[in-house]
Amino acid sequence: MSPILVVGSVAFDTLHNAQGSFPRVLGGSAVYASIAASLLSQVRLVGVVGDDYPESATAMLRERGIDLTGLEVSPGETFHWEGRYTDDLTSRESIRTELNVFAEFQPKIPAAFAESPFVMLANIQPELQISVLDQIRSPKLVVADTMNLWIDIARPALERLLKRVDVLIINEEEARQLTGRHHLVEVQRALLALGPTTVIVKQGEYGAWLFQPGVAFHAPAFPLETVLDPTGAGDSFAGGFLGYLARENDISLPTLRRAVVVGSALASFCVEGIGPNRLVEVGMADVNGRVAAFDELVRA
Ligand code: AMP
């Protein structure tokens, strides 16, 4: 098992969906990714919270073995994101993104983390993702996620980042926005031309594709009885994906394909609860059970 360094947002989320409104739920790309990855490997979280971040949340992360040495507490308010979902939960709009303490954050990677072999640059300003990479010595694998906001307002930094990333994980709509292409085969080719050697395109309820030059692999999403809240599904996917690679300490294609299935399993648990409340209950036996159910789904 190899350690994973995770950087990204640590947030309060206010969520609106057909079930109602849920103010100030624990969230953030780094939190979802760390919770998922911590089932499979050892996680080092780097980020910032305000002095309003509850002790109960840091205690929950610590209990999962997540190393919080790199989680800074700054005077001010924690990042706050507010989103509204359509009634069918297939799309959402960001109503509010308050960076708060993230606006001034300069990540400082603790010396003991500088040699982290696996790095997850979860969704946050691309400049911060670059600054983290600048402080890491020869990682084995760097995975990055991003979103429409940064494609809109920070494209040059995002393009600089992508030249230094091994795996880009991105949803289909954002992949189209980033490349200006529509057809998936053209989209993946354009994404690979930006730098990553592997691209994962997420399609929500339709699963995820993994592409490398000359390689295409698809895993479905798990057909669930109940979907309550998709927030964090993408980050849980990324955490499960990288957690599995770190656990196996291997980045060969068969392991990458398996990691897509493990990531999909983690994402499927995430959407069964509001915020991370289902994800935090999940154990390795649940993950193994769902991975076996995935295998059953696609065996001809
Ligand atoms: P996901 O549903 O996996 O795409 O990610 C949801 C998480 O992303 C939420 O918990 C938010 O706090 C976080 N988030 C939303 N907007 C941003 C942003 N601009 N930068 C970083 N994290 C964000």
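Structure first, text after, so check above.
Residues numbered from 1 in each chain as written. Predicted model: local features only at pLDDT ≥ 70, side-chain atom pairs only at ≥ 80, totals over all residues. Heavy atoms only, no water.

A. Molecular detail of the site of the ligand. Taken together, 21 residues lie around the ligand, and Ser9, Asp13, Gly28, Gly232 and Asp235 are the ones closest in. A distance of 2.7 Å separates an oxygen atom of the ligand from a polar atom in the backbone of Gly232. Here an oxygen atom of the ligand sits 2.7 Å away from a polar atom, N or O, in the side chain of Asp235. Burial of the ligand by the protein amounts to 94% of the accessible area it has alone, namely 510 Å². Put simply, the parts of the chain that give the shell around the ligand at least two residues each are β2 (11-17), β6 (79-85), β7 (92-98), α4 (148-153) and α8 (233-248). Sorting elements by how many residues they give to the shell around the ligand places α8 first, with 3 residues. (Near = heavy atom within 4 Å. Polar contact = N/O pair within 3.5 Å; in protein donor to acceptor, adjacent residues only side chain to side chain. Areas by Shrake-Rupley, 256 points an atom, 1.4 Å probe, with all protein chains shown as cover. Helix = DSSP H or I, 4+ residues; strand = E, 2+ residues; numbered from the N terminus.)

B. View of the pairing of strand β1 (residues 4-7). Judged by which residues are buried, β1 turns out to be covered on both faces: Ile4 and Val6 on one side and Leu5 and Val7 on the other are all buried. Sheet analysis places β1 next to strand β4 (residues 43-50), joined by 4 bridges and oriented parallel. From the neighbouring strand, Val7 faces β4, where its bridge partner is Val46. Here 4 bridges tie β1 to strand β8 (residues 118-121), and the two strands are oriented parallel to one another. Bridge pairing in β8 places Val7 opposite Leu121. (Buried < 20%, exposed > 50% of the residue type's maximum accessible area, 1.4 Å probe, protein only. Pairing = 2+ DSSP bridges.)

C. Spatial organisation of the environment of Asn100. Locating Asn100 in the fold gives a position in the loop between β7 and β8. Residue classification places Asn100 among the partly exposed residues on the basis of a relative accessible area of 29%. Distance from Asn100 to Pro75, taken between C-alpha atoms, is 9.9 Å for residues 25 residues apart in sequence. Side-chain polar atoms of Asn100 contact the backbone oxygen of Thr78, separated by 2.9 Å.

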